[in-house]
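Coordinate analysis (summary)
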Amino acid sequence: MSQRLRLRRPFDTAFDAALLVAIAIMLVPAALSAAGTPKRIVSLNLCTDELVLRLADRSNIASITWLSKDAISANVVDLAADLPVNHGLAEEIIPLDPDLIVAGTFTARTAVAMLKATRFPVTEFGVAHDIADVRLGIRKMAALVGEPARGEALVASFDRRLAEIGTPAPGRRPTALVFNANGFTVGAGTLVDDIVTRAGLDNIAAHMKLGNYSQLPLEIAVRSEVDVLIISARRDGPPSLATALLDHPVLSKLGPKTHIVVLPTNLWSCGGPEVAEAIARLRAAAQDVVNSGASP
Amino acid sequence: MKLEARNIAVSFGQTAVLRSVDLAVASGEMVGLIGPNGSGKTTLLRVLANLRAPDGGGVTLDGRDLEAVGERELSKKIAYLAQGGDVHWPMRVGALVGLGRLPHRRAFRDQADSDTAAIERAMYAADVVSLRDRTMTHLSGGERMRVLLARALAVEASLLLADEPVAALDPLHQLRVMELLRDVARGGTGVIVVLHDLSLAARFCDRLVLIADGDIIAEGRPADVLTPASLARAYGVDIVCGVSEGLPFYLPQSVRPPIQGTP
Amino acid sequence: MNSTTVPENRVEPIGYAALLVMLLVAMIAALLASIATGYAPLDIGAAARDVLHGNDTLSALVLVQLRLPRAVLGALVGFSLGITGAAMQGLLRNPLAEPGITGVTSAASLGAVVVFYFGLAGILPLALPLGGIAGAGLSTLLLYGVAGSGASTMTLILAGVAINSFFGALTTLALNLSPNPYAVSEIIFWLLGSLSDRSLQYVWLVAPMMLAGWLLLLMTGPALDGLSLGEDTATSLGFNLARVRLLLIAGTALAVGSAVAATGSIAFIGLVVPHLLRPLVGHRPSRLLLVSGLGGATLTLLADIIVRLLPVRPELKLGVVTALIGAPFLFHLIWRLRREDR
């Protein structure tokens with residue numbers, strides 16, 4: 001036993017030394033590259049992937065996450081075609097010698113920590129809390145990738161879409177509740193709450209002092225008797241108990257007074273320009289409620 | 001009622017435990033099965049009880065093959081008292097004796113009056129009525145064996161096969177259990193009992209079967225079977241035979257030197 | 001049950017019939033209490049009237065689609081775990097033999113997980129309980145082959161550890177391979193069990209299988225009584241032990257397999273309930289079966305009520321409560337066994 005231990009130690013030290021030397025060598029070109037339009041952009045997060053794909057030149061994109069090629073989660077599958085993918089691992093990123101790395105604040109934490117420690121330029125994007133944050137995010141990414149004009153264009157088209165949808169009519173708003181997988185709902189101060197409100201609906205979870213995201217028992221969701229129940233997930237994807245909850249027979253038996261809207265999560269999970277589409281669909285649902293005369 | 005075994009042969013793997021054994025027992029007689037450890041006594045008893053199929057030969061009950069009689073009917077005709085007396089759950093004596101009525105069970109019906117009467121008779125015969133509400137784990141060895149015997153008696157079978165019922169008992173309880181078995185035989189039940197104690201075997205059994213090395217060495221009345229020559233051959237021990245107050249006794253005296261050429 | 005003209009040979013504090021009635025009443029009371037428990041007040045009387053008159057009110061909907069399935073499934077699952085625990089303990093002559101410790105519930109979880117997460121239950125809903133049954137049956141066969149009946153406690157426990165580890169690992173692997181990202185964290189459900197939001201469909205799916213399993217297990221009753229005197233004596237009393245083992249394996253698979261497929265594996269019910277109730281039936285294995293079923297149902301319902309009354313969100317898994325009851329019980333068992341050894 002001790003024989004084996006002794007044999008390991010010299011091998012370990014040699015391996016560590018080799019790794020450090022390799023990293024040091026790779027840092028040299030990074031240090032020498034000038035500031036300006038990044039030429040090797042790496043994105044470690046699905047949401048930053050979308051912004052990068054919409055704003056940067058394809059030739060400047062070194063790698064995006066594998067999730068962007070998954071039709072279920074990604075909005076920009078066609079833009080992502082033929083680009084190299086990563087899985088959020090530092091050892092995939094470092095050999096690419098990126099001059100810009102963008103990541104979310106919650107994902108790939110260990111990889112991001114390691115990359116920051118080795119002095120790679122990493123910029124983190126937080127979660128959007130409202131529509132204003134959506135615009136800020138677009139502009140921030142546009143500046144980072146060196147395409148401010150495209151950023152403004154994207155913001156402008158987003159604002160045009162919002163204008164098309166228009167503002168909700170005055171009067172009492174139909175009540176709504178968001179029901180996610182595992183029964184999670186959204187409270188006040190979140191992007192989803194802002195979207196729901198702009199669509200002309202009253203998110204009752206915002207009045208319940210639930211915090212940003214909390215779990216609601218199915219019974220309470222059913223008893224809430226909201227006008228619009230927003231099911232936020234794909235119901236036809238691969239099964240899990242979390243998503244199976246959204247197929248519970250009680251929801252289908254709620255009767256004509258409750259309108260159920262199924263919104264795929266990828267419309268608003270990222271706080272990108274697609275949220276306009278989410279607002280449009282919810283506005284249509286709100287309109288249905290008003291037209292059917294069922295609103296209070 | 002007659003139980004007959006012919007040419008019984010049993011092997012465990014390569015080892016032959018019984019070579020070709022014939023045995024018969026009829027109602028009312030008490031047969032003692034004696035012989036050294038490993039001679040095949042318990043195996044023979046289990047074959048007779050249909051707990052193990054022999055590799056050669058067969059057993060008939062009143063002329064019918066045991067297999068043809070069927071396990072249900074057989075369970076009412078043959079009662080088996082296993083060696084050791086294991087009881088896994090600390091049941092009360094009354095309930096335990098009641099297990100002897102299981103062969104007579106009917107679907108969806110609990111104990112009938114006839115069952116209750118049989119249980120009472122068995123407990124009375126085995127003298128365990130006073131122990132009725134006691135738990136098995138709190139009884140002495142002798143009391144426990146009498147309760148298990150009562151369980152076997154409750155079956156009210158034509159045959160009782162008992163494997164070393166007195167092995168772990170003190171002299172008082174040895175005598176009481178053997179007397180009980182003899183009374184059972186006198187009452188018309190055929191009894192086969194495996195014994196180590198030669199004195200008890202001689203005193204209580206009508207007939208003895210001496211088995212050694214898978215073969216029957218001697219069979220017949222105790223006095224004819226328990227000769228110094230037969231005993232020396234079977235056990236490899238010199239036995240002193242004697243009589244006291246009309247009752248025979250047999251005492252192991254000394255180990256015989258092995259015959260030249262044998263292990 | 002016995003004739004009263006001859007002196008009784010039972011001295012349990014309660015007669016068998018009286019005990020069954022008491023447990024039935026307790027179970028019904030727990031069932032009603034479970035229906036009355038929820039996350040928002042429900043006027044049960046009004047809701048029940050609505051259901052009977054065919055009124056389509058929200059109260060009626062909550063009662064029939066949410067409260068009732070949860071309570072009924074809790075009773076069904078609890079009954080299955082209780083009766084199977086009693087049967088396994090009777091056959092293996094060991095008070096520690098129960099579906100959780102011996103790994104039967106882990107294997108049932110694997111069967112259910114494979115069927116559910118890879119879409120088979122979507123094609124054929126019956127496949128879900130069948131998956132659980134297949135897993136449970138396989139592991140009971142394995143247990144019997146490895147430990148055998150009359151095996152020492154150590155052999156039994158080791159076999160259970162091996163089976164639990166093996167099937168538990170495979171379950172986690174299956175969840176990791178599932179295409180749905182939520183699957184990985186759902187191992188908690190399968191390990192600890194939950195009655196939350198199970199729909200009426202689950203009740204229809206598993207009830208017939210469970211019922212069949214219970215019947216098979218009840219049929220082993222007299223044989224289990226005979227086995228208390230050992231295998232030879234039991235055979236001499238007219239029982240075909242091979243047939244008994246088969247009945248047990250099939251009954252366990254049907255009852256536990258379908259239970260776990262519906263609610264995940266709920267621990268300790270099959271251990272604690274037979275143990276507590278055994279003295280009340282004079283340690284007779286055959287009587288313990290039905291009694292443990294009713295006791296198991298009652299205990300599971302009570303645990304589920306506690307789960308809903310605790311101010312924890314998301315709702316605590318049922319296995320947490322049963323483990324908090326069962327684990328100290330197991331310690332007590334061990335301590336008592338040690339004392340007896342001295």
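Calculation notes
Residues numbered from 1 in each chain as written. Chains lettered and ligands numbered in written order. Predicted model: local features only at pLDDT ≥ 70, side-chain atom pairs only at ≥ 80, totals over all residues. Contact = placed C-beta atoms within 7 Å. Nonpolar A, V, L, I, M, F, W, Y, C, P; charged D, E, K, R; others polar. Pairing = 2+ DSSP bridges. Helix = DSSP H or I, 4+ residues; strand = E, 2+ residues; numbered from the N terminus. Axes fitted to C-alpha atoms, helices over the stretch in contact; angles between N-to-C directions. Core = buried A, V, L, I, M, F, W, Y, C linked by C-beta atoms within 7 Å. Buried ≥ 20, exposed ≤ 12 C-beta atoms within 10 Å, placed from the backbone. Parallel < 35°, antiparallel > 145°, perpendicular 65-115°, else oblique. Left-handed = near helix turned anticlockwise from the far one by under 90°. Expected span 1.5 Å × (residues − 1). Arc of directions from axis to C-beta.

Across the boundary between the two partners, chain A contributes 23 residues, which contact 27 residues of chain C. Of the residues that constitute the side of chain A that touches chain C, the class distribution is 12 nonpolar, seven polar and four charged.

Quick look at the sheet that holds strand β1 (residues 2-12) of chain B now. The strands making up a sheet associate through hydrogen bonds between their backbones, and the pairing can be parallel or antiparallel. Residue and element names in this part refer to chain B. One open sheet accounts for four strands, arranged β2-β1-β4-β5; its pairing is antiparallel. Unpaired on one side and paired on the other, β2 (15-26) and β5 (64-65) mark the two borders of the sheet. Here strand β4 (residues 56-61) pairs with β5 via two bridges, running antiparallel. Directly across from Thr60, in β5, lies its bridge partner Asp65.

Each partner contributes to the interface: chain C provides 25 residues, whereas chain B provides 33 residues. Sorting the residues of the side of chain C that touches chain B by element identifies α10 (221-227) and α11 (231-236) of chain C as the ones contributing at least two each. Along the lines of polarity and charge, the residues of the side of chain C that touches chain B split into seven nonpolar, 13 polar and five charged.

Further remarks concern the sheet that holds strand β8 (residues 202-203) of chain A. Residue and element names in this part refer to chain A. Overall, parallel pairing links the four strands, which are arranged β8-β6-β10-β11 in an open sheet. In this open sheet, the two strands that pair with only one neighbour each are β8 and β11 (259-263). The sheet contact formed by strand β10 (residues 228-232) and β11 spans five bridges and is parallel. Looking across to β11, one finds that Ile231 is bridged to Val262. Set on the sheet, helix α12 (residues 275-291) makes contact with β10 and β11; between it and β11 the angle comes to about 170°.

Quick look at the pairing of β4 of chain B now. Residues and elements named next belong to chain B. Of the strand pairs in this sheet, β1 and β4 are connected by five bridges, and their pairing is antiparallel. In the sheet register, Ala9 faces β4, and the bridge partner there is Gly56. With antiparallel pairing between neighbouring strands as the criterion, β4 and β5 make up a hairpin whose turn holds two residues, including Asp62 at a positive phi of roughly 50°.

In this section: the nonpolar core. Counting 274 residues, the largest nonpolar core has Val52 of chain A together with Leu161 of chain B as its most contacted members. Broken down by element, the residue count for this core peaks at 19 residues, all from helix α3 (residues 58-92) of chain C. Among all residues touching Val52 of chain A, those that are not within four sequence positions of it are Ile41, Ser43, Ile61, Ile64, Val102, Met141 and Val145 of chain A.

Once that is clear, we can look at the environment of Leu148 of chain B. Residue and element names in this part refer to chain B. Here Leu148 shows up in helix α6 (residues 141-154). Residue class for Leu148 comes out buried when judged on the 27 C-beta atoms lying within 10 Å of it. What Leu148 contacts, discounting residues up to four positions off in sequence, is Leu81 and Gly85.

Let us now look at the packing of α3 of chain C against helix α9 (residues 200-219) of chain C. Residues and elements named next belong to chain C. At a closest axis distance of 10 Å, the pairing of α3 and α9 adopts a crossing angle of 20°. As summarised for this structure, α3 and α9 are arranged roughly parallel, according to the angle between their axes. Considering how the two elements wind past one another, α3 and α9 form a crossing that is left-handed. Along its contact with α3, which presents Gln65, Pro69, Val72, Leu73, Leu76, Ser80, Ile83, Thr84 and Ala87, the element α9 presents Leu200, Tyr202, Val203, Val206, Ala207, Met210, Gly213, Trp214 and Leu217. Tallied by class, the residues present in the contact of α3 with α9 amount to 14 nonpolar, four polar and no charged.

Attention shifts here to the packing of helix α4 (residues 104-117) of chain C against helix α12 (residues 241-263) of chain C. Residues and elements named next belong to chain C. For the pair α4 and α12, the least separation of the axes is 8 Å and the interaxial angle reads 60°. Compared by their axis directions, α4 and α12 come out oblique. Where α4 crosses over α12, the two elements pack in a sense that is right-handed. Seen from α4, the contacting residues are Val104, Thr105, Ala108, Ser109, Gly111 and Ala112; seen from α12, they are Thr252, Val256, Gly257, Val260 and Ala261. Partitioned by chemical class, the residues of the contact of α4 with α12 number six nonpolar, five polar and no charged.

Residues and elements named next belong to chain B. In a regular helix each residue adds 1.5 Å, so 13 residues correspond to 18 Å; helix α5 (residues 113-125) covers 18 Å between its end C-alpha atoms and thus fits that length. Within α5 the residues assigned to the buried category are Asp115, Ala118, Ile119, Ala122 and Met123. Projection of α5 onto a plane perpendicular to its axis shows the buried side chains occupying an angular sector of 130°, all on one side. Exposed residues pointing more than 90 degrees away from the buried face of α5 are listed as Asp113, Ser114 and Tyr124.

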